[in-house]
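Structural characterization, general
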Amino acid sequence: MAEKEGSGEDHAVDEIEKKIIEAFEVFDHECNKTVDVREIGSIVRSLGCFPTEAELHELLSKVEEEEPTGYIHLEKFLPVMTKVLLDRSYRPIPEDVLLHAFEALDENKCGYITKEELVKYLTEEGEPFTQEEMEDMLSTALDPETNTVRYRDYISMMIVDES
């Protein structure tokens, strides 16, 4: 395929596709341009997108084979994910919204939530976390000395720099 005379948009698409392919290859353990369908969420999040579970299922419906095999092929994933990134879909939740959510859970307004409270909220309310997701979050969010989540510090760690 001939190189197009470099419009900035073409270059941007090339860079996006390169990032997607690199992220995909991390999970392509067989090196055959396929990944386990269960890895798609990790790939999408590694690219700075944060879809809900419903949005992730919608994305999967666009990239799965008509007869699902349990694997996703790069050739189907690449154009769909390129459009997601170009459209800036599944953006992270703004910092002030995250802070407000944590403050709503912090009934005593003390600047932290206990591990027990957080586990209860995230496994029993709304869209429940899996055990693995809970462990991943706690390993990052939890202050091991106090067994609490100081949510302002945690939010600061989570914020994606959009610049």
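These lines cover the structure that appears in this document, whether it is placed above or below. Please read all numbers here as calculations on a predicted model, not as lab measurements.

A few points about the packing of aromatic side chains
Counting across every chain of the model gives three aromatic pairs. Here the aromatic rings of Phe24 and Phe77 are separated by 5.6 Å at their centres, their planes lie at 35 degrees, and the arrangement is tilted. Linking Phe24 in helix α1 (residues 8–27) with Phe77 in helix α4 (residues 74–86), this pair joins segments that are 53 residues apart in sequence. Each member of the pair Phe24 and Phe77 is classed as buried. Taken together, a centroid distance of 5.5 Å and an interplanar angle of 5 degrees make the contact between Phe102 and Tyr151 stacked. Here Phe102, found in helix α5 (residues 95–105), pairs with Tyr151, found in helix α8 (residues 151–158); they are 49 residues apart in sequence, far enough to count as distant. An aromatic cluster is defined as three or more aromatic residues linked by ring pairs; in this entry it consists of Phe102, Tyr151 and Tyr154.

Here's the deal with the packing of helix α3 (residues 53–63) against α4
Where α3 meets α4, the axes come as close as 9 Å, and the angle between the chain directions of the two elements is 140 degrees. The orientation of α3 with respect to α4, classified from their angle, is oblique. Handedness of the α3/α4 crossing: right-handed. Taken together, the residues of α4 that come into contact with α3 (itself represented by Leu59, Lys62 and Val63) are Lys76, Phe77, Val80 and Val84.

Digging into the environment of Glu103
Tracing the backbone through its elements, the reader meets Glu103 in helix α5. With a relative accessible area of 25%, Glu103 lands in the partly exposed category. A sequence separation of 80 residues divides Glu103 from Ala23, and the C-alpha atoms of the two residues are 34 Å apart.

Here we look at the pattern of salt bridges
Opposite charge on two side chains permits them to pair, given that their charged atoms come into close proximity. Applying the stated rule across the entire model yields four salt bridges. Arg38 is the partner of Asp36 in a salt bridge, and the nearest nitrogen-oxygen pair spans 2.6 Å. Judged by relative accessible area, which is 17%, Asp36 ranks as buried. A salt bridge links Asp87 to Lys83; its shortest N-O distance comes to 2.5 Å.

Points about the layout of surface pockets
In this structure, the largest pocket encloses a volume near 2,000 Å³. As for the largest pocket, its lining consists of 43 residues, and the residues nearest its centre are Arg45, Phe50, Pro51, Phe129 and Glu133. Tallying contributions element by element places α5 first for the lining of the largest pocket, with six residues. Tallied by class, residues from the lining of the largest pocket come to 25 nonpolar, seven polar and 11 charged.

Comments concerning the nonpolar core
Ranked by size, the top nonpolar core spans 24 residues in total, and within it Ile20, Ile40, Ile43, Val44, Leu59, Phe77 and Met81 carry the most contacts. The greatest single-element share of this core, amounting to seven residues, is contributed by α4. Aside from chain neighbours lying at most four places away, what touches Met81 is Ile20, Val44, Leu47 and Cys49. Counting residues in each nonpolar core, the second largest holds 15 residues, with Leu98, Phe102, Val149 and Tyr154 among its members.

Some points on the packing of α5 against α8
Between α5 and α8, whose axes approach to 10 Å, the crossing angle comes to 150 degrees. If you check the angle between α5 and α8, you find them roughly antiparallel. As for the relative orientation of α5 and α8, their crossing is right-handed in sense. Contacts between α5 and α8 involve Glu95, Leu98, Leu99, Phe102 and Glu103 from the former and Tyr151, Arg152, Tyr154, Ile155 and Met158 from the latter.

Thresholds, definitions, all that
Residues numbered from 1 in each chain as written. Predicted model: local features only at pLDDT ≥ 70, side-chain atom pairs only at ≥ 80, totals over all residues. Heavy atoms only, no water. Phe/Tyr/Trp six-rings, centres within 6.5 Å; stacked < 30°, edge-to-face > 60°. Helix = DSSP H or I, 4+ residues; strand = E, 2+ residues; numbered from the N terminus. Buried < 20%, exposed > 50% of the residue type's maximum accessible area, 1.4 Å probe, protein only. Axes fitted to C-alpha atoms, helices over the stretch in contact; angles between N-to-C directions. Parallel < 35°, antiparallel > 145°, perpendicular 65-115°, else oblique. Left-handed = near helix turned anticlockwise from the far one by under 90°. Contact = heavy atoms within 4.5 Å. Salt bridge = Lys/Arg side-chain N within 4 Å of Asp/Glu carboxyl O. 1 Å grid on protein atoms, 1.4 Å probe; cavity = no way out; pocket = protein on both sides within 12 Å on 5 of 7 lines; lining within 4 Å. Points joined across faces, edges and corners; volume = space filled by probe spheres on them. Nonpolar A, V, L, I, M, F, W, Y, C, P; charged D, E, K, R; others polar. Core = buried A, V, L, I, M, F, W, Y, C linked by side-chain atoms within 4.5 Å.

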